[in-house]
Amino acid sequence: MKRALDPLHEEPFDIVVIGAGILGASIARDAALRGLSVALVEKRDFGAQTSANSLKLIHGGLRYLQHLDLARMRSSIRERSVWLRIAPHLVEPLPFVVPTSRSGLHRKTLLRAALQVNDMLSRDRNSGVPEERHIPAGRALSRNETLELVPELESRSLTGGVMFHDALMYSAERLVLAVIQGAHAAGAVVANYVEIQGRRSAGTGVTTLAARDHRSGSSFEVHARLVVNAAGPAAPTLAARLLGHSTLVETPYSLALNLVFPAREHRVAFTLPSSSRDPNSVVHTGSRQLLVVPWRQRSLIGTAHYPLAGRGGDLEAVEDGTVERFLAEINQAWPEAAFDAAKLEHVHAGLLPTLSDSGSSPVRLLKRHRVVDHGAEGAPWLISAVSVKYTTARLVAEEVVDHLFTRRGSTPPPCRTSHTLLPGAPASVAELLAAARRNYGELLEGEVLEHLVRSYGTGFPRVLDYRRTLPRWDERVEASAPVIRAQLVHSAATEMVCCAEDLVLRRTELGPRGLASDAALAAAAEALAAAPAPAG
Ligand SMILES: Cc1cc2nc3c(=O)[nH]c(=O)nc-3n(C[C@H](O)[C@H](O)[C@H](O)COP(=O)(O)OP(=O)(O)OC[C@H]3O[C@@H](n4cnc5c(N)ncnc54)[C@H](O)[C@@H]3O)c2cc1C
């Protein structure tokens, strides 16, 4: 994928999508796969804002059962199956343990019944999914089994637990990238560091947008028959800027946080009751459940929600004291872990849309996505979309693209994104890994080889090609992570990398592991200088 802005200046596109988080990427891929001419522009790097900050769960929405929101649960289950099907190298089943107690809503009988309903509602959850990515049925666990899986719960007076499975992204950043690569492969023109700053004109059938290339500082125009505003938390302000007045997509936002700490190797995710209330539950449980998710010998702990004074836009910094407040909540829920700020490796922070009455605590999140056709405001060329979950972004994109065809006065052709594999997706991850070990096991240690297979899927041998030209190609960038120098050069040459931060924070997992050191950034800068010109 080559960053070339010339194609953006040319003929009007059927669709210009603004914002390349998971939603904009999914819209661009869907529209391109259905034959529209598409441009996708992102003012920072791909997925750099909310999408890179998720807890990495592709969740089937079991908790919506408690909210009695079965429609939302069904669509989450279906979308989880889609991700497991189209990107099996980047998404895998994740076992979850919920400890049970003698009384209250966490009694084993109640949770076992909930799992039975979940299994019934998700009967088709493995349809078309490779067997190695199947989601098993839920089951009850004895106290011993629970403690064996989650020794962290040792000191609690639990009666046992229940286990269900959800799905975990190997890398949220690379999953966005894979969707963008899919859009590009289907013909979309894609560019990062290009911001849409306003509208020049909306003439007969074609709208002219003012764009700025943040790499060169130059300004230019992009022409579109229809414009999709998928700017995440900046969607309301962008719509207002494009239309010159506040618009129907006006939505308040709240701050969401996850904290990342080093962990003993734990194989399952688990829940911990915290002192915060869950205002979205119809049954008053007394407390919100913190999720502790295993990822690369780390615990991702989330998600906390805090009200925000402003109305969305870009999140530049988290207000002083907010991380400490969440840390205190975690320590209250899990005193044995004794986390302190010195152990904190990484913070995920992003803005999520809320219901309009949530100026104060506790935050009430927006439950459903919004697709707003600004035709009612005299702007039939603009559609805004606001998503509420990474998991269901593909489904929202399908709705948006169906609507685009209707707006153009034609019948939407069938959507292809739920069954078209993402670039690099193998038929079987296990077989690909076995072949990698057979063919390259002598060249690379097992952990690195597995990391390459999981990151690039069938494209992993292209990283190994650098062994012929790059000195110290197989050297780790940081001793504690299986990221090698050849990956930096490969990404720099082929994945539209503009600066060292792109490489460290989003193309590799150095940043998400809390390893964005000066040395890593220097190695990335060196790789950028050494990268061969992209093949296009
Ligand atoms: C802490 C946290 C944990 C979460 N955990 C999960 C989870 O486990 N599972 C799950 O399913 N969901 C989760 N979510 C929700 C999920 O991450 C979001 O719903 C999703 O990422 C939103 O994607 P998006 O594309 O709409 O927005 P974004 O990812 O924010 O993308 C919008 C993009 O538009 C760009 N942009 C803005 N203005 C312009 C402009 N003028 N020109 C060009 N580009 C522009 C921005 O730079 C940005 O990259 C979590 C969210 C947070 C914050």
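Notes on the structure follow. Source: prediction; values computed, not measured.

When you tally the buried positions in strand 9 (residues 207–213), you get six out of seven residues, the bulk of the element. Taken together, the seven bridges between strand 8 (residues 194–202) and strand 9 define a ladder with antiparallel strand orientation. Counted as the bridge partner of Ser201 is Thr208 from strand 9. Connecting the antiparallel pair strand 8 and strand 9 is a turn made up of four residues, with Gly205 showing a positive phi of about 85°. Note that strand 9 and strand 10 (residues 219–229) share six bridges and pair antiparallel. Bridged to Thr208 within strand 10 is His223. The turn joining strand 9 and strand 10, which pair antiparallel and follow one another in sequence, is formed by five residues; a positive phi near 85° is taken by Gly217.

In terms of burial, helix 15 (residues 500–507) is a largely internal element, six of the eight residues being buried. Taken as a whole, helix 15 has its buried residues at Ala500, Asp502, Leu503, Val504, Arg506 and Arg507.

Before going further, it helps to examine the site of the ligand. Close to the ligand lie 37 residues; Glu42, Thr50, Ser51, Leu57 and Thr391 are nearest. Note that an oxygen atom of the ligand is positioned 3.2 Å from one of the backbone N or O atoms of Lys389. Calculation on the ligand without its partners gives an accessible area of 1,000 Å², and the protein chains cover 97% of this total. Secondary-structure elements contributing two or more residues to the shell around the ligand are helix 2 (22–33), strand 8, strand 11 (253–262) and strand 15 (346–353). Each of two domains, domain 1 (6–50 + 173–250 + 367–407) and domain 2 (92–169 + 252–353), supplies a minimum of three residues to the shell around the ligand.

Let us now look at the nonpolar core. In this structure, Val17, Ile27, Trp83, Leu175 and Ile180 are the most contacted members of the largest nonpolar core, which totals 53 residues. Element by element, the count of residues in this core is highest for helix 7 (residues 172–185), at eight residues. Lining this core are residues from two domains, each supplying at least three of them: domain 1 (6–50 + 173–250 + 367–407) and domain 2 (92–169 + 252–353). Those residues in contact with Ile180, other than ones at most four positions away along the chain, are Met1, Ala20, Ala25, Leu40, Phe46 and Val190.

Another aspect to go through is the environment of Asp30. With respect to the element layout, Asp30 can be found in helix 2. Taking relative accessible area as the criterion, Asp30 reaches 1% and is therefore assigned buried. Setting aside residues no more than four positions away along its own chain, Asp30 makes contact with Ala397, Glu398, Val401, Cys415 and Thr417.

Cut-offs applied
Residues numbered from 1 in each chain as written. Predicted model: local features only at pLDDT ≥ 70, side-chain atom pairs only at ≥ 80, totals over all residues. Heavy atoms only, no water. Buried < 20%, exposed > 50% of the residue type's maximum accessible area, 1.4 Å probe, protein only. Helix = DSSP H or I, 4+ residues; strand = E, 2+ residues; numbered from the N terminus. Pairing = 2+ DSSP bridges. Near = heavy atom within 4 Å. Polar contact = N/O pair within 3.5 Å; in protein donor to acceptor, adjacent residues only side chain to side chain. Areas by Shrake-Rupley, 256 points an atom, 1.4 Å probe, with all protein chains shown as cover. Domains from an automatic or database assignment. Core = buried A, V, L, I, M, F, W, Y, C linked by side-chain atoms within 4.5 Å. Contact = heavy atoms within 4.5 Å.

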